[in-house]
Amino acid sequence: MKFPNKKYKNLNSYFNDYYIELNSSISSVNISILRKIILLLKKVYKTGNNKVFVCGNGGSAALAEHFACDHQKILFETKKFKPKVFSLVSNAAIGTAISNDVKYRSIFSEQLKYQSNKGDILIVISSSGKSKNIIEAIKWANKNNMTSISMTGFNGGIVKIISKYNLHISSKNYGIIEANHQSMMNIISQFLKVDALKENEIKKIKF
């Protein structure tokens, strides 16, 4: 059901309904798929042999940047991982060059051509699952022996269908979808961190 679908005059009521939607929508995530993604990233982060690329548009671009930051810094600090995580939205110069000289829908797939190798991972964040540049990036990754992972919302669009692994937030509210995508990012990194550390180490550090 769409949220909000009525006019609110009372902040407490909106707050409570928002919180309900936030929690109910994250329960739609397939834990089995989440577990597979965590195990895959654990292997890649531990060996440091492969790279992980992340991308998105708009608010999801900001989440991609945050993903790259946290998954590198937080996990590298454990001394158990060697994560090589790169945001495809970071370099404005190359993004605009590709957009100008090739086409905008290729801003991510072209970068994968330049930087990726067989066995690398592509993580896309797309609330709608319909963005052409995201779809093109996944198709390129699938054809070139990369593993594609997506985070989606609404009905998931084409992105949900063509990704090898998908974490879907069943909501029709951009803010709630993006907040839960952020939570997924944190759950993955923090679970890996907890798994890598000893109990006395966990008690001493902040998460």
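Look a little higher up for the structure.
From a predicted model like this one, the values you see are computed outputs, not experimental measurements.

(A) The arrangement of the packing of helix α2 (residues 31-47) against helix α8 (residues 174-196) in detail. For the pair α2 and α8, interaxial distance at closest approach is 10 Å and the crossing angle is 55°. Accordingly, the angle class assigned to the pair α2 and α8 is oblique. Relative to α8, the crossing made by α2 is right-handed. Across the interface between the two elements, L34, I37, I38, L41, K42 and Y45 of α2 pack against M184, I187, I188, F191, L192 and D195 of α8. Taken together, the residues of the contact of α2 with α8 break down into ten nonpolar, no polar and two charged.

(B) Region of the structure containing the packing of helix α3 (residues 59-76) against α8. Running from N to C, α3 and α8 cross one another at 10°; their axes reach a closest spacing of 10 Å. By the angle class used here, α3 and α8 are roughly parallel. Note on element contacts: α8 touches α3 through E178, H181, Q182, M185, N186, I188, S189, L192 and K193, opposite G59, S60, L63, H66, F67, D70, H71, I74 and L75. Its residues assigned to classes, the contact of α3 with α8 comprises seven nonpolar, eight polar and three charged.

(C) Structural detail: the pattern of salt bridges. All chains considered together, the criterion is met by five salt bridges. Across the salt bridge formed by E77 and K73, the nearest N and O atoms sit 2.6 Å from each other. Owing to a relative accessible area of 49%, K73 belongs among the partly exposed residues under this scheme.

(D) Geometry of the side chain of T78. Residue placement: T78 occurs in the loop between α3 and β2 (85-87). In this structure the side chain of T78 is engaged in a polar contact, spanning 2.6 Å, whose partner is the backbone oxygen of L75. A polar contact is formed between the side chain of T78 and the backbone nitrogen of K80, at a distance of 3.1 Å. Once you skip the residues sitting within four places of it in the chain, T78 turns out to touch K193 and L197.

(E) A look at the packing of aromatic side chains. Within the structure shown, the criterion is met by seven aromatic pairs. Ring plane angle 65° and centroid distance 6.1 Å describe the contact between F3 and Y18, whose orientation is recorded as edge-to-face. Of this pair, F3 sits in the segment before α1 (11-26) while Y18 sits in helix α1; the two residues are 15 residues apart in sequence, bridging distant segments of the chain. Taken together, a centroid distance of 4.9 Å and an interplanar angle of 90° make the contact between Y8 and Y14 edge-to-face. Grouping aromatic residues by their ring pairs yields a cluster made of F3, Y8, Y14 and Y18.

(F) Just the sheet that holds strand β3 (residues 121-126), in detail. Ordered in space as β2-β1-β3-β4-β5, the five strands form an open sheet in which the pairing is parallel. Lying at the two open borders of the sheet, with one neighbouring strand each, are β2 and β5 (165-168). Here the strands of the sheet are splayed against their neighbours by 15° on average, with no regard to which way each runs. With four bridges joining them, strand β4 (residues 147-152) and β5 adopt parallel strand pairing. Bridging from a neighbouring strand, S150 pairs with N166 of β5. Along the sheet, α2 contacts β1 (52-56), β2, β3, β4 and β5; its crossing angle with β5, the most-contacted strand, is approximately 125°. Helix-sheet contacts for α3 involve β1, β2, β3 and β4, and the interaxial angle to β2 is about 160°.

(G) Focus on the state of the cysteines. Going through the model one piece at a time under the given rule, you end up with zero disulfides. No disulfide involves C55; its sulfur sits 17 Å from that of C69, the nearest cysteine. C55 gets classed as buried once you look at its relative accessible area, which sits at 0%.

(H) Representation of the side chain of N180. Counting through the fold element by element, N180 comes out in helix α8. Residue N180 is classed as buried on the basis of its relative accessible area, which comes to 3%. Non-local contacts of N180, meaning those with residues more than four positions away in its chain, are made with L22, S25, I26 and I169.

What counts as what
- Residues numbered from 1 in each chain as written.
- Predicted model: local features only at pLDDT ≥ 70, side-chain atom pairs only at ≥ 80, totals over all residues.
- Heavy atoms only, no water.
- Axes fitted to C-alpha atoms, helices over the stretch in contact; angles between N-to-C directions.
- Helix = DSSP H or I, 4+ residues; strand = E, 2+ residues; numbered from the N terminus.
- Parallel < 35°, antiparallel > 145°, perpendicular 65-115°, else oblique.
- Left-handed = near helix turned anticlockwise from the far one by under 90°.
- Contact = heavy atoms within 4.5 Å.
- Nonpolar A, V, L, I, M, F, W, Y, C, P; charged D, E, K, R; others polar.
- Salt bridge = Lys/Arg side-chain N within 4 Å of Asp/Glu carboxyl O.
- Buried < 20%, exposed > 50% of the residue type's maximum accessible area, 1.4 Å probe, protein only.
- Polar contact = N/O pair within 3.5 Å; in protein donor to acceptor, adjacent residues only side chain to side chain.
- Phe/Tyr/Trp six-rings, centres within 6.5 Å; stacked < 30°, edge-to-face > 60°.
- Pairing = 2+ DSSP bridges.
- Disulfide = S-S within 2.5 Å.

Geometric values such as these leave the question of function open.
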